[in-house]
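Below, each chain spelled out in residue letters.
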Amino acid sequence: MSPEILKAAFADNLNFAVGRPAEIATPEDWYQAIAFSVRDRIMHRWVRQFEKRNAPDVRQVAYLSAEFLPGPHLGNSLLNLGITDNARKALAGQDLDLYIGLEEEPGLGNGGLGRLAACYLDSLATLCYPATGYGIRYEFGIFDQSIKDGWQVEVTDKWLLPGNIWEIKRPNFAQVVKIGGHTETYTDEHGAFRVRWIPDRVVVGVPYDTPIVGYLSDSCVLLRLWSAEAAQSFDFADFNRGDYYGAVEEKVFSENISKVLYPNDEQLEGKRLRLEQQYFFVACSIKDMIRLCLRRGSTLERFHEMFCVQLNDTHPAIAVAELMRQLVDKYAMPWERAWDITRRTFSYTNHTLMPEALEKWPLPLFGSVLPRHLEIIYEINRRFLDEVRTRFPGDEGKIARLSIIDESGEKYVRMANLAMVGSHTVNGVAALHSELVKTQLFPDFHDLDPKRFQNVTNGVTPRRFLGLSNPGLTRLIDGRIGDSWLSNLDRLRELEAFAGDVGFQQDWMRVKLENKTRLARIIRDRTGVVVDPSSLFDIQVKRIHEYKRQHLNVLHIITLYQRIKHDPRLQITPRTFLFGGKAAPGYFMAKLIIKLINSVAETVNQDPAVRDLIKVVFLPDYNVKHAQNIYPAADLSEQISTAGKEASGTGNMKLSLNGALTIGTLDGANVEIREEVGAENFFLFGLTCEQAARLRAGGYNPGDYCHGDPELRGVIELIDSGLFSHGDRDLFRPITAHLLERDDYLLMADYRPYVNCQQEVDHAYRDRHHWTRMSILNVARMGKFSSDRAVREYADNIWKLKPFAPEA
Ligand code: TH1
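Quick notes on the rules
Residues numbered from 1 in each chain as written. Predicted model: local features only at pLDDT ≥ 70, side-chain atom pairs only at ≥ 80, totals over all residues. Heavy atoms only, no water. Buried < 20%, exposed > 50% of the residue type's maximum accessible area, 1.4 Å probe, protein only. Domains from an automatic or database assignment. Contact = heavy atoms within 4.5 Å. Buried area = accessible area lost by both parts, 1.4 Å probe. Salt bridge = Lys/Arg side-chain N within 4 Å of Asp/Glu carboxyl O. Polar contact = N/O pair within 3.5 Å; in protein donor to acceptor, adjacent residues only side chain to side chain. Pairing = 2+ DSSP bridges. Helix = DSSP H or I, 4+ residues; strand = E, 2+ residues; numbered from the N terminus. Axes fitted to C-alpha atoms, helices over the stretch in contact; angles between N-to-C directions. Near = heavy atom within 4 Å. Nonpolar A, V, L, I, M, F, W, Y, C, P; charged D, E, K, R; others polar. Parallel < 35°, antiparallel > 145°, perpendicular 65-115°, else oblique. Left-handed = near helix turned anticlockwise from the far one by under 90°.

Draft legend 1. Just unusual backbone geometry, in detail. Even without a glycine there, the phi angle at His-726 is positive, about 50°. For His-726, a relative accessible area of 71% puts it in the exposed group.

Structure below.
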């Protein structure tokens, strides 16, 4: 696509789609004109692919996810289409990056889980797999975070306000969804016993499609997000009686369903609306697949051959019961046949072992929203448990643990058990996690059928997280090994040959310094804090959660602070500690940890005794856009969760891919990152997950660690002294008291190994050549963590999916 053609396209779209002559066009207008031009080119691919996709023998994957976190589209689409340079030329002197930066991102996810779904769409498109991502078009995505007086303040995210160029509304594919009510039995015209569901509400799901273009691949996948609308948006009967508000009430009620994303990461909120959201998008998606299956001339007997459906955690697990309901109730299929199809259709990814994240719904609530599904689940469960009984006669404990219904106290529907029973494969998201899924989470299911358990270690897309966000490093790599590594990340290995090359090392350091200088400017503009780009950038960006242990990082900062105060001549490597991440609005401890970080920052940054040796920054509103500026500037990546708690992590991969070295525990994908980059290029500390389990079993007493370590005691006392809280000695007591009394996440036990390991980091950074060598080797050995590898594993081992044949 030549610059001239693009230039003409921009001008046309500015005129005809945006309706603003160039003389008065604002940067927002230009953004829109460019975005429309890019969308046209994506659409062209989409349309060309249409026939291939709908050929009768094409099998496709439906990726069902309550969250997608794609990030801004424009920059990435330009990159994937291979037209960034020509777009720049076409704009002759105008600032493309300025326009790209104006885009609001669709924050339709909380963190890693939603971002993973977006990386997988990028890889599915790049590798030409036929795929659709199904989810919810939340009107309000994850809140915007601002910081007031050190506390998190949530601001509603109005991502749709400026309009969304990337989506196309498809009212002709709308679906009707029932909610609530009761069921009835009846006898059909063949004398067969049937059930029907009489709902007390219906809502309409309208799909909005966003085509996602692959990297230089000629292929697209669809992101189809459902928006809830009222079945009849205005009740004229009420209106004519003069009840205007009554007439609109139904509309407001229905539209509530897709109104807002629940902002809890790995913490359940057992709300009716959340269950309705889950069912809403699942029902729309299943019906959409049935429609497509029938339109392509297939019978539903072959549903599982046309579609494989991946459940992204248990949020869409109700799909198991919904497909059964459709096949049995609507299409009158015998139960056994329907069950066989259902089980061949679904596979399930588990993303967490955290007990508070495991979804379960109180039976009465579940029954009142989905009365027919509850009956179906009972029947699935009855048949399943009968089978279990014949294999393990008399083992009632096992039966109780395997049952989809938890009857140990108040009764619940366990969504993980439903997903397990209704699918052919379950996978964890990193090697360690997948082992724990077998041994800790589902040992009874594992006894029953070990072959169903798989691992697919997460991956991230190198396009957005290196090609797009780190152009300096991308150019440097291109210059040595060519540019094909962006679609074949294993080729980064060829960089190993240059790891010791002093010239290359200097270029590498120069790029890192440029990236840090850019981030330093952003930090100054957004927080007012001035940081030194030549200091070690020590970065922890992720959701705020106690198990991720941002407060362990803070304990280290206070340790350094204390040392500097005690010894005014102390020499340490100057460091900038950067934090970013949102806390669930109802998660008190997480919000208090944010306040602690900001309070320590205030004290440390202002204390002249610190001599600018350490700076602490909390960068507000961590999201995909900001992440893209942060990863390229990191020297050190903090991956310090309590072993056994972080299923995988994906920020760990993105940071290492950008040349950061990791300080981390043997948790999640850290284990595999360390295996790949080599133990000598990774700062390991802390308890293993077996050691953690043993410690807990033996009666863990966190106070002992504190009393036995004067430096640690000093740190805790300093917090309790009110030094960081304007004399308020109680403000952070919930944190320190928890650490001393319970310490569920073993910070006290890991403190000393962590602080010592940080000292090794400090020393290592002084030898810049050696550090740079390690940094190069980290990047060179990250090939495994491409989402292309992960998606191929899903396709080969779970979905049995083949890519489209390449264009002739
Ligand atoms: C995250 C995991 O915490 C993280 O370790 C993993 O890398 C990521 O998923 C992708 O696999 C999870 N996010 C959520 C969000 C919700 C519920 C469970 C999880 S697990 C809402």
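Draft legend 2. Representation of the domain arrangement of the protein chain in the model. Domain boundaries in the protein chain define domain 1 (1-55 + 72-105), domain 2 (56-71 + 106-423) and domain 3 (526-791). Measuring from the centre of the C-alpha atoms in domain 2 to the corresponding centre in domain 3 gives 37 Å. The interface is formed by 32 residues belonging to domain 2 together with 32 residues belonging to domain 3. Summed over both sides, the interface between domain 2 and domain 3 buries roughly 2600 Å², with carbon and sulfur atoms accounting for 59% of that surface. When the buried surface of domain 2 facing domain 3 is broken down by residue, Gln-145, Trp-151 and Met-354 rank first, second and third, together holding 23% of it. At the surface where domain 2 touches domain 3, the tally comes to two salt bridges. Put simply, Lys-595 and Asp-149 hold a salt bridge, and the shortest N to O gap is 3.9 Å. There are twelve residue pairs in polar contact (both at pLDDT 80 or more) connecting domain 2 and domain 3.

Draft legend 3. Focus on the sheet that holds strand E19 (residues 575-580). The parallel open sheet is built from six strands, whose spatial order is E20-E19-E18-E21-E22-E23. Of all the strands in the sheet, the pair left with one neighbour each is strand E20 (614-618) and strand E23 (683-684). Of the pairings in the sheet, the one linking strand E18 (residues 536-541) to strand E21 (residues 636-639) comprises two bridges and is parallel in character. Opposite Ile-539, over in E21, you have Ser-637 as the bridge partner. This element, helix H23 (residues 588-606), spans E19 and E20 of the sheet and lies at about 145° to E20. Packed onto the sheet, helix H32 (residues 768-780) meets E21, strand E22 (661-664) and E23 and runs at close to 90° relative to E22.

Draft legend 4. Local environment of the environment of Trp-166. You can see Trp-166 is positioned in the loop between strand E4 (151-155) and strand E5 (168-169). On the basis of relative accessible area, Trp-166 is assigned to the buried category, the value being 4%. Residues Trp-166 and Phe-785 lie 619 residues apart in sequence; the distance between their C-alpha atoms is 28 Å. Residues within four places of Trp-166 in sequence aside, it is in contact with Tyr-31, Ala-35, Val-38, Arg-39, Ile-42, His-73, Leu-74, Ser-77, Glu-103, Asp-209, Thr-210 and Pro-211. Separated by 3.2 Å, the side chains of Trp-166 and Tyr-31 make a polar contact.

Draft legend 5. Region of the structure containing the sheet that holds strand E14 (residues 405-406). If you trace the three strands from one edge of the open sheet to the other, you get E13-E15-E14, paired in antiparallel fashion. Only two strands of the sheet have a single partner each, and these edge strands are strand E13 (360-362) and E14. Bridge analysis of E14 against strand E15 (residues 412-414) gives two bridges, and the strand direction is antiparallel. Following the sheet pairing, Ile-405 is matched in E15 by Val-413.

Draft legend 6. Main features of the site of the ligand. Lining the immediate surroundings of the ligand are 17 residues, of which Glu-266, His-351, Asn-458, Glu-646 and Gly-649 lie closest. Here an oxygen atom of the ligand sits 2.5 Å away from a polar atom, N or O, in the side chain of Glu-266. Contact between the ligand and Asn-458: an oxygen atom at 2.9 Å from a side-chain N or O atom of the residue. Per-class residue counts for the shell around the ligand are five nonpolar, eight polar and four charged. Looking at which domains feed residues into the shell around the ligand, each of domain 2 (56-71 + 106-423) and domain 3 (526-791) supplies at least three.

Draft legend 7. Local environment of the pattern of salt bridges. For the coordinates displayed, the defined rule picks out 67 salt bridges. For Arg-382, the salt bridge identified is with Asp-386, shortest N-O distance 3.5 Å. Taken as a pair, Arg-382 and Asp-386 lie in helix H14 (residues 371-391) at a separation of four residues, close to a single helical turn. Residue Arg-382 is classed as partly exposed on the basis of its relative accessible area of 44%. Overall, the relative accessible area of 36% leaves Asp-386 in the partly exposed class. Note that Arg-781 and Glu-496 form a salt bridge whose closest N and O atoms lie 2.9 Å from each other. With Arg-781 in the loop between H32 and helix H33 (787-799) and Glu-496 in the loop between helix H20 (471-481) and helix H21 (502-527), this pair connects stretches of sequence that are 285 residues apart. Taking relative accessible area as the criterion, Arg-781 reaches 14% and is therefore assigned buried. The structure contains a network of salt bridges with shared partners spanning Glu-336, Glu-379, Arg-382, Arg-383, Asp-386, Arg-389 and Glu-396.

Draft legend 8. Region of interest: the packing of helix H2 (residues 27-54) against helix H3 (residues 74-81). The interhelical angle for the contact between H2 and H3, taken along N-to-C directions, is 45°, at an axis separation of 10 Å. Put simply, H2 runs oblique to H3. Between H2 and H3 lies a crossing of left-handed hand. Along its contact with H2, which presents Tyr-31, Ile-34, Ala-35, Val-38, Arg-41, Ile-42 and Arg-45, the element H3 presents Leu-74, Ser-77, Leu-78 and Leu-81. Considered class by class, the residues forming the contact of H2 with H3 number eight nonpolar, one polar and two charged.

Draft legend 9. Expanded view of the pairing of strand E16 (residues 425-428). Side-chain alternation along E16 places Thr-425 and Asn-427 on one buried face and Val-426 and Gly-428 on a second face that is also buried. Across three bridges, strand E12 (residues 346-349) lies against E16 in parallel orientation. By the bridge assignment, Ser-347 is partnered in E16 with Thr-425.

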